[in-house]
Protein chains: 2
Amino acid sequence: MFDPEKHYSKLGHTFKPSVLNTVVLAAFDLIKQGKKLISMTGGSYDVPSMPVEEVKRIFAEAPREAWSDMLQYGSTTGMSSLKNELAKFMGEAGIETDPKSEIIVTTGSQEAIDLATRVFIDPKDVIYIGKPTYLQALSAFKTVNPEFREVELDTDGMNTDLMEKDMKQLKSEGKSPKMLYIIPSFQNPTSTVLSMERRKHALELAEEYDFIIFEDNPYGYISFSGPMPKPMAAMDKSGRVMYTSTFSKIVSPGMRLGWLQGHKDFVFKMSEAKGRISISNDGLAQYVGAEMLRRGDVAKQIPKITNVYRKKRDVMLETMATTFPKEAKWNAPRGGLFLWVEMPELVNTTELLGECVKRGAAYIPGSNFFAGDVHNCIRLNYSLPSEEDIVDGIQILGKLLTEQV
Amino acid sequence: MFDPEKHYSKLGHTFKPSVLNTVVLAAFDLIKQGKKLISMTGGSYDVPSMPVEEVKRIFAEAPREAWSDMLQYGSTTGMSSLKNELAKFMGEAGIETDPKSEIIVTTGSQEAIDLATRVFIDPKDVIYIGKPTYLQALSAFKTVNPEFREVELDTDGMNTDLMEKDMKQLKSEGKSPKMLYIIPSFQNPTSTVLSMERRKHALELAEEYDFIIFEDNPYGYISFSGPMPKPMAAMDKSGRVMYTSTFSKIVSPGMRLGWLQGHKDFVFKMSEAKGRISISNDGLAQYVGAEMLRRGDVAKQIPKITNVYRKKRDVMLETMATTFPKEAKWNAPRGGLFLWVEMPELVNTTELLGECVKRGAAYIPGSNFFAGDVHNCIRLNYSLPSEEDIVDGIQILGKLLTEQV
């Protein structure tokens with residue numbers, strides 16, 4: 001008798017149903033099947049704002065040579081035309097880079113995180129992360145069993161003074177930090193912005209303790225007031241910051257188009273890793289991405305989608321103000337796609353999700369964003385649901401939370 | 001001073017310039033830059049045969065709901081419409097499967113190999129492979145440091161009697177096989193076909209020694225005489241065969257569209273692994289793939305491209321017959337994209353490549369297809385170069401080889 005359980009690797013055995021599949025994409029599937037469920041879970045794109053006409057036009061106008069490029073094997077680091085456009089795009093944010101050697105196109109930012117995990121992280125290596133931080137980064141890092149050191153966040157992002165203190169402690173234990181994983185602008189899940197002082201402080205600490213920084217910037221472009229905060233990669237002088245961003249929040253998540261910018265030696269190692277995983281990104285999406293940047297479609301799409309999300313954030317905040325119990329605490333994000341709610345410690349939002357879904361609304365339990373056990377938080381997304389659904393969904397959740405306190 | 005070398009993981013340190021980047025894609029880049037170089041390296045697609053009009057038509061005709069699907073996050077296992085079409089497509093080859101639970105869409109077959117590596121293979125696990133076998137499978141497996149056991153091939157593919165003998169030996173050492181990696185139909189690089197008797201024998205051995213089989217079938221559809229040989233997955237009764245195939249050889253490599261079919265528990269584990277790597281495949285390529293299958297475009301494309309490759313194979317064989325030294329041995333493939341050449345042992349084709357490229361032609365040194373050291377073989381590809389270039393390229397190589405013996 002064949003028993004599948006007997007055949008997994010140690011890593012394979014650790015793979016359990018994840019929140020991505022059981023909550024985020026499951027909610028999506030239920031909605032597509034016609035069930036009335038208001039999903040405030042993943043950072044999905046506002047459907048009516050998708051740049052459908054722009055993409056259609058690009059395919060309709062593509063010359064024969066472009067099709068030969070799209071449909072053939074391509075470079076592991078990505079299409080030259082796309083890398084050139086990405087270099088210009090990052091240049092506008094202050095990041096000077098050589099598209100030939102310092103950029104690798106990735107399958108969303110997720111692949112950039114996976115490649116960094118493989119190329120840099122050994123078991124027991126120390127990774128500094130926010131408390132809380134992006135759940136799928138935690139999942140990727142966990143595949144190699146690192147040691148996580150969590151750093152508390154406040155309204156100015158990760159507290160780098162606490163981080164410095166912990167690094168001193170770590171040094172006294174004879175260990176050293178390997179990497180800082182950080183989302184400085186509109187952090188996931190808290191939407192906080194790391195202050196300029198702290199950005200500088202983190203870079204100084206990287207020099208002092210000789211670690212590398214993985215800067216994840218999917219949300220920086222969705223800024224509700226003022227320009228995108230300056231990326232740390234634009235302030236790095238040594239080459240120890242790897243910078244990743246993606247089309248997922250500004251253009252389309254389905255295109256799975258992300259990129260990593262960094263030291264040419266790092267990019268080379270990552271391209272060798274990627275050759276073993278997927279050979280290259282899909283050519284159709286790369287061509288569309290390059291053309292949307294070249295034609296200015298991305299430049300137009302960013303303010304368009306930012307306006308939509310600002311309005312949705314306002315609707316969510318207004319409804320929370322009137323329906324959430326006074327014991328709940330939350331922030332007013334200046335950008336990004338998420339609201340972070342803290343309930344009193346006795347409220348277990350992981351256990352509460354099932355009841356919430358029964359009543360017609362879904363969120364992501366905060367526990368997924370911590371390396372340790374914290375169960376009283378909730379991440380809410382306002383980019384996917386319509387304004388009407390935000391009102392209904394928050395009312396359902398507000399009533400449920402009020403019953404708990 | 002920042003030193004990149006100090007920051008890599010153990011795995012990261014192992015990544016050296018690979019033949020994929022230094023030969024296959026490098027040759028491609030040189031050609032695109034206008035250098036006259038005849039590439040008989042990778043298994044790239046015949047450019048004039050690309051299904052450009054079909055893809056353009058599908059995008060032009062896609063309804064609004066389809067665009068919402070393409071541009072949004074999708075299921076980690078793939079678009080439902082694509083999985084349904086893939087189930088039908090495999091059904092025609094005798095593989096009965098449930099598209100909901102037994103298929104995962106992957107970034108080419110390469111990602112399927114990577115996912116299997118993660119989910120199943122621990123360091124020192126024993127993997128049986130052909131001698132020679134697909135170089136990028138070796139590269140993927142090597143990331144977890146398995147023990148390779150190589151099995152000689154003859155005109156009927158991997159010699160399963162030798163494999164059985166080795167497995168007995170292995171058992172006497174107190175070890176057991178973990179996985180058989182096999183390309184039964186038009187094997188890469190030898191283009192041999194595993195006989196039906198040997199397919200059955202390998203399946204029997206899997207039962208007896210309780211190992212899993214990874215069946216890689218990118219080339220089966222490119223059959224020059226008669227239908228595709230029956231896949232082993234169609235003969236498997238226990239669920240221990242994982243089957244992977246891809247659009248790369250029959251439709252387009254640039255779409256990066258592959259899939260894996262297997263036991264639902266295996267597919268679940270792989271979807272959890274993929275969630276940590278890339279979340280999902282690109283939606284544009286998935287939609288096009290589903291539509292090309294549904295409309296019969298794939299069914300039309302397969303005989304079309306097979307005819308092109310049969311003719312190119314003939315041209316290559318004819319030119320070899322008149323220009324290669326008598327000491328060279330090669331086969332006449334009944335399908336697939338490759339010719340395998342064996343030279344006397346004193347000829348080192350790895351060292352010879354540089355001179356060949358100088359003279360205007362490139363191949364892949366056979367050494368890349370062995371776990372051990374074998375340097376007298378050459379893999380030639382006839383799918384990419386035109387018939388004229390095949391004649392010129394083989395003449396260049398034939399002259400060079402004649403000088404060596």
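Residues numbered from 1 in each chain as written. Chains lettered and ligands numbered in written order. Predicted model: local features only at pLDDT ≥ 70, side-chain atom pairs only at ≥ 80, totals over all residues.

**Q** Talk me through the overall build of chain A; I want residue IDs and the actual numbers.
**A** When its secondary structure is counted, chain A shows 14 helices and 14 strands. Here chain A has a C-alpha radius of gyration of 21 Å; the compact-globule value for 405 residues is 22 Å, and the two agree. Overall, chain A is about 65 × 60 × 60 Å in size when its C-alpha atoms are taken along their principal axes. Residues classed as buried in chain A amount to 58% of the 405 residues present. (Helix = DSSP H or I, 4+ residues; strand = E, 2+ residues; numbered from the N terminus. Rg over C-alpha atoms; globule rule 2.2 N^0.38 Å. Buried ≥ 20, exposed ≤ 12 C-beta atoms within 10 Å, placed from the backbone.)

**Q** Give a detailed account of helix α12 (residues 297–323) of chain B, specifying residues and quantitative values.
**A** Spanning 27 residues, α12(B) covers 39 Å between terminal C-alpha atoms, matching the ideal 39 Å at 1.5 Å per step. Taken together, the buried residues of α12(B) touch α3 (52–61), α11 (283–294), β10 (329–330), β11 (338–342), β14 (377–381) and α14 (387–404) of chain B. (Expected span 1.5 Å × (residues − 1). Contact = placed C-beta atoms within 7 Å.)

**Q** Account for the confidence of the model for chain A, with residues named and values stated.
**A** Per-residue pLDDT for chain A has a mean of 96; in total, 100% of the residues score no lower than 70. Both scores are available for the predicted complex, with the pTM at 0.97 and the ipTM at 0.96. (pLDDT = per-residue confidence, 0-100.)

**Q** Break down unusual backbone geometry for me, with residues and values.
**A** Here the amide bond leading from A:Asn188 into A:Pro189 is cis, since omega sits at 15°, within 30 degrees of zero. One non-glycine residue, A:Arg256, adopts positive backbone phi at about 50°. Here A:Arg256 shows up in the loop between β8 (241–246) and β9 (257–261). A count of 30 C-beta atoms within 10 Å places A:Arg256 in the buried class. Positive phi, normally seen in glycine, also occurs at B:Ile279, with a value near 65°. If you trace the backbone, B:Ile279 turns up in the loop between α10 (264–277) and α11.

**Q** Account for the interface of chain A and chain B, with residues named and values stated.
**A** Opposite the 73 residues of chain A that make contact, chain B presents 74 residues. Breaking the side of chain A that touches chain B down by element, the ones donating at least two residues are α1 (10–14), α2 (19–32), α3 (52–61), α4 (64–71), α6 (108–120), α7 (135–142), α10 (264–277) and α11 (283–294) of chain A. When residues in the side of chain A that touches chain B are grouped by element, the largest group, 9 residues, is from α10(A). For the side of chain A that touches chain B, the residue count by class is 30 nonpolar, 28 polar and 15 charged. (Nonpolar A, V, L, I, M, F, W, Y, C, P; charged D, E, K, R; others polar.)

**Q** I'd like a description of the domain arrangement of chain A, backed by residues and values.
**A** All names here are of chain A. Per the domain assignment, the segments of chain A are domain 1 (4–50 + 302–404) and domain 2 (52–298). Here the C-alpha centre of domain 2 lies 24 Å away from the C-alpha centre of domain 1. Listed by partner, the interface residues are 30 residues for domain 1 and 30 residues for domain 2. Going through the elements one at a time, α2, α12 (297–323) and β11 (338–342) are the ones with two or more residues in the side of domain 1 that touches domain 2. If you tally residues by element for the side of domain 1 that touches domain 2, the top one is α12, at 6 residues. A per-class count over the side of domain 1 that touches domain 2 returns 16 nonpolar, 10 polar and 4 charged. (Domains from an automatic or database assignment.)

**Q** An account of the sheet that holds strand β13 (residues 364–365) of chain A is needed here, citing residue identities and associated values.
**A** Residues and elements named next belong to chain A. Overall, antiparallel pairing links the 4 strands, which are arranged β10-β11-β14-β13 in an open sheet. Bordering the open sheet on either side are β10 (329–330) and β13, each of which pairs with just one other strand. Judged from the 2 bridges that link them, β13 and strand β14 (residues 377–381) form a sheet pairing that is antiparallel. Bridging across to β14, Pro-365 finds its partner in Ile-378. (Pairing = 2+ DSSP bridges.)

**Q** Can you explain the environment of A:Ser44? Please cite residues and give values.
**A** Looking at the secondary structure, you find A:Ser44 in the loop between β1 (38–39) and α3. Setting aside chain neighbours within four positions, we find A:Ser44 in contact with A:Pro253, A:Ser383, A:Leu384, B:Gln72 and B:Tyr73.

**Q** How would you explain the relation of the copies chain A and chain B if you had to name every residue and give the values?
**A** Placing chain A over chain B gives an RMSD of 0.0 Å and needs a rotation angle of 180°, together with 0.0 Å of translation along the axis. Both copies are brought into coincidence by an operation consistent with a two-fold rotation axis. (Least-squares fit on C-alpha atoms with pLDDT ≥ 70 in both.)

**Q** Before we move on, can you summarise the packing of helix α6 (residues 108–120) of chain B against α10(B) with the specific residues and values?
**A** Residues and elements named next belong to chain B. For the pair α6 and α10, the least separation of the axes is 9 Å and the interaxial angle reads 105°. As the angle between them shows, α6 and α10 are arranged roughly perpendicular. Residue-level contacts link Leu-115, Arg-118 and Val-119 of α6 to Lys-269, Met-270, Ala-273 and Lys-274 of α10. The residue makeup of the contact of α6 with α10, split by class, is 4 nonpolar, no polar and 3 charged. (Axes fitted to C-alpha atoms, helices over the stretch in contact; angles between N-to-C directions. Parallel < 35°, antiparallel > 145°, perpendicular 65-115°, else oblique.)

**Q** Talk me through helix α7 (residues 135–142) of chain B; I want residue IDs and the actual numbers.
**A** Note: α-helices contain 3.6 residues per turn, so residues at a spacing of three or four share the same orientation. Most of α7(B) sits inside the fold, with 7 of its 8 residues counted as buried. Those residues of α7(B) lying buried are B:Leu135, B:Gln136, B:Ala137, B:Leu138, B:Ser139, B:Ala140 and B:Phe141. Elements that come into contact with the buried residues of α7(B) comprise α10 of chain A together with α2 (19–32), α6, β3 (126–131), β6 (177–182) and β7 (212–216) of chain B.

**Q** Outline the sheet that holds β11(B), listing residues and values.
**A** With antiparallel pairing, the 4 strands of this open sheet are ordered in space as β10-β11-β14-β13 (chain B). Pairing within the sheet leaves two strands with one partner each, and these edge strands are β10 and β13 (364–365) of chain B.

**Q** Hey, could you go over the pairing of β6(B) for me, with residue numbers and the actual values?
**A** Residues and elements named next belong to chain B. Burial analysis of β6 places 6 of its 6 residues in the buried class, the great majority of the element. As defined by bridge partners, β3 adjoins β6 across 3 bridges and the pair is classed as parallel. In the strand pairing of β6, Val-126 is matched with Pro-177. Bridge analysis of β6 against β7 gives 4 bridges, and the strand direction is parallel. Directly across from Met-179, in β7, lies its bridge partner Ile-212. Viewed along the sheet, the connection from β6 through helix α9 (residues 196–209) into β7 turns out right-handed. (Right-handed = clockwise from strand over helix to strand, strands pointing away.)

**Q** Quick one: what's the story with the packing of α12(A) against helix α14 (residues 387–404) of chain A, residue by residue and with numbers?
**A** All names here are of chain A. Where α12 contacts α14, the two axes come as close as 9 Å, and the packing angle between them is 30°. Relative to α14, the element α12 lies roughly parallel. Here α12 and α14 pass one another in a crossing that is right-handed. Contacts between α12 and α14 involve Lys-311, Lys-312, Val-315, Met-316, Thr-319, Met-320 and Thr-323 on the former and, on the latter, Glu-387, Ile-390, Val-391, Ile-394, Gln-395, Gly-398 and Lys-399. (Left-handed = near helix turned anticlockwise from the far one by under 90°.)

**Q** Could you give an account of the environment of B:Glu204, naming the residues involved and the relevant values?
**A** All names here are of chain B. Mapped onto the fold, Glu-204 is located in helix α9. Residue class for Glu-204 comes out exposed when judged on the 12 C-beta atoms lying within 10 Å of it. A C-alpha to C-alpha distance of 43 Å links Glu-204 and Tyr-8, two positions 196 residues apart in sequence.

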